[in-house]
There are 2 protein chains.
Amino acid sequence: MSGDTVAEDTRSRLLATALKLFSEHGVGGTSLQMIADELGVTKAAVYYHFKTKDEITEAVAAPALQELLARMDEAERQRTRGAQIDHALSGFVDLIVQYRSLIALFNSDPGIIRAIDRSLNGVENFAARMRKLLVGPDPDLATALTANVLLAGLALAGGSPEQAHLDDETLRVHLFDIGRRMLGRPKRRGSARAEGSASMGAQGA
Amino acid sequence: MSGDTVAEDTRSRLLATALKLFSEHGVGGTSLQMIADELGVTKAAVYYHFKTKDEITEAVAAPALQELLARMDEAERQRTRGAQIDHALSGFVDLIVQYRSLIALFNSDPGIIRAIDRSLNGVENFAARMRKLLVGPDPDLATALTANVLLAGLALAGGSPEQAHLDDETLRVHLFDIGRRMLGRPKRRGSARAEGSASMGAQGA
């Protein structure tokens, strides 16, 4: 039991270290040896937990992806379309904010995208399910494209180093508000979160 | 003169071939030898034009980036803010549509991102200039984030293989319309393009 706990702790530290090194060097630029060195353990200790870098990459991404799947399940159980949309959108935004450094990695490294493809049977299916929650099963082209632009934009801009100075709650409020506006959700029915944000209405006129 | 013309033609075909192979295998997965084989020339013939793969990558991206810079220059010369915004946005959208396969590559391969960084003194500067055109030099946080979500989302979603079945004009009209809506541009002042697109107003309510 004590041995298991030590192993579990090493595994957690290993994944945190891997994420840090992936962020700095990319997945391609990080070796098992670098992870071992950074952790101060032998390469054999790393091998005890993961046989390949691909396995580490999948394990690094897994918690965020599992959590997002759980949030989509929850969204699907909501009774009204409005509640489904808000649940799915806030789940997506929460995860972006919570896993910012991981998202930045998703956005810049094909290695981790391939790992997600393997662990989720395709990013396409994943995005399609989220889009269905946001705009329904049979959107017209304008609506489908809007959802695609929104999902891609929230993830890419939210995970960008440019936003690293923002605290989690500020980033969350603003991304959620942008999403609600793009999806045409009414202001008055907004959650407490959405109300904190400035309107863009007169912008650029 | 005739020799020059042949060399120029080979250079063009070389870049087109490189882009095709980059799209299929990524920049990292494409070798000079693969490019030579695909073109049906010797590796020496490739070396005559480009000494490294990095040089090829920069040359592949250069026309799109130069064109976008020219469109931003043009936008800055417009007299009203509204015209500046529409010019910058339509320039951005035009380039996304025209260079879809290249954009898809930007979005998935760190190799080409590094090449752009070199040839433009940083993607950050590039994005900052576009954002300034769209929302002015000193936007509030909500506005700056909206512009970031928009630019990232248009490029990522527009270049996605999911949109490969759309003809250029259809994709252009819809992306431009999404951009105008997100930037709060008034409908009645929209270009002919924007008017062709369905409204999202009641979506998801």
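Residues numbered from 1 in each chain as written. Chains lettered and ligands numbered in written order. Predicted model: local features only at pLDDT ≥ 70, side-chain atom pairs only at ≥ 80, totals over all residues. Heavy atoms only, no water.

**Focus: the UniProt feature "DNA-binding region" (unreviewed entry) in chain A**
And step 1. The positions UniProt marks with the feature "DNA-binding region" (unreviewed entry) are residues 31-50 of chain A.
And step 2. As a span, residues 31-50 of chain A carries 75% helix and 0% strand, and end to end its C-alpha atoms are 12 Å apart. (UniProt positions renumbered as here; feature names shortened; annotations may be inferred. Helix = DSSP H or I, 4+ residues; strand = E, 2+ residues; numbered from the N terminus.)

**A word on helix H10 (residues 168-182) of chain B**
Residue and element names in this part refer to chain B.
And step 1. Compared with an ideal rise of 1.5 Å per residue, which puts 15 residues at 21 Å, H10 spans 21 Å between its outermost C-alpha atoms and is within 8% of the ideal.
And step 2. Of all 15 residues in H10, 11 are buried, a share of seventy percent or more.
And step 3. A side-chain oxygen of the first residue of H10 lies 3.1 Å from the backbone nitrogen of Glu-169; this N-cap is Asp-167.
And step 4. After H10 finishes, the residue Gly-184 shows a positive phi value of roughly 70°. (Expected span 1.5 Å × (residues − 1). Buried < 20%, exposed > 50% of the residue type's maximum accessible area, 1.4 Å probe, protein only. Polar contact = N/O pair within 3.5 Å; in protein donor to acceptor, adjacent residues only side chain to side chain.)

**A look at the confidence of the model for chain A**
It should be kept in mind that the predicted coordinates are not to be read in detail where pLDDT is low.
Residue and element names in this part refer to chain A.
And step 1. Considering every residue of chain A, the mean pLDDT works out to 81; 80% of them sit at 70 or more.
And step 2. For chain A, helix H11 (residues 192-195) is the element with the lowest average pLDDT, namely 40, and helix H10 (residues 168-182) is the one with the highest, namely 95.
And step 3. Here residues 188-205 is modelled with pLDDT under 50, and outside its nearest four sequence neighbours on either side it reaches 42 contacts, counting other chains as well.
And step 4. Both scores are available for the predicted complex, with the pTM at 0.79 and the ipTM at 0.78. (pLDDT = per-residue confidence, 0-100. Contact = heavy atoms within 4.5 Å.)

**As for the domain arrangement of chain A**
All names here are of chain A.
And step 1. Once the domains are mapped, chain A shows domain 1 (1-51) and domain 2 (58-190).
And step 2. Between domain 1 and domain 2, the contact holds 10 residues from the first and 7 residues from the second.
And step 3. Around 620 Å² of area is buried between domain 1 and domain 2 when both sides are counted, 78% of it from carbon and sulfur atoms.
And step 4. Among the residues of domain 1 in contact with domain 2, Leu-15, Leu-19 and Val-27 are the three that bury the most area, contributing 61% of the side total.
And step 5. Seen at the junction of domain 1 and domain 2, the total is 0 salt bridges.
And step 6. Counting across the interface, domain 1 meets domain 2 through 0 residue pairs in polar contact (both at pLDDT 80 or more).
And step 7. By residue class, the composition of the side of domain 1 that touches domain 2 is 6 nonpolar, 3 polar and 1 charged. (Domains from an automatic or database assignment. Buried area = accessible area lost by both parts, 1.4 Å probe. Salt bridge = Lys/Arg side-chain N within 4 Å of Asp/Glu carboxyl O. Nonpolar A, V, L, I, M, F, W, Y, C, P; charged D, E, K, R; others polar.)

**Focus on the UniProt feature "domain: HTH tetR-type" (unreviewed entry) in chain A**
And step 1. Mapped onto this numbering, the UniProt entry annotates "domain: HTH tetR-type" (unreviewed entry) at residues 8-68 of chain A.
And step 2. Within the segment residues 8-68 of chain A, helix and strand shares are 80% and 0% respectively, and the terminal C-alpha atoms sit 23 Å apart.

**Examining the packing of helix H4 (residues 53-76) of chain B against helix H5 (residues 81-98) of chain B**
All names here are of chain B.
And step 1. The contact between H4 and H5 brings their axes to 8 Å, and the two run at 165°. Judged by the inter-axis angle, H4 sits roughly antiparallel to H5. In terms of crossing hand, the pair formed by H4 and H5 is right-handed. Contacts between H4 and H5 involve Ala-64, Glu-67, Leu-68, Arg-71, Glu-74, Ala-75 and Glu-76 on the former and, on the latter, Gln-84, His-87, Ala-88, Ser-90, Gly-91, Phe-92, Asp-94, Leu-95 and Gln-98.
And step 2. In the contact of H4 with H5, the residues fall into 6 nonpolar, 5 polar and 5 charged. (Axes fitted to C-alpha atoms, helices over the stretch in contact; angles between N-to-C directions. Parallel < 35°, antiparallel > 145°, perpendicular 65-115°, else oblique. Left-handed = near helix turned anticlockwise from the far one by under 90°.)

**Observations regarding the pattern of salt bridges**
And step 1. By the definition in use, this model includes 22 salt bridges over all chains.
And step 2. Among the ionic pairs, A:Glu38 bridges to A:Lys20, the shortest N-O distance being 2.7 Å. Within this pair, whereas A:Glu38 is found in helix H2 (residues 32-39), its partner A:Lys20 is found in helix H1 (residues 2-25), the two being separated by 18 residues in sequence.
And step 3. Its relative accessible area of 42% is what places A:Glu38 among the partly exposed residues.
And step 4. Here A:Glu162 makes a salt bridge to B:Arg131, at a shortest N to O gap of 2.4 Å.

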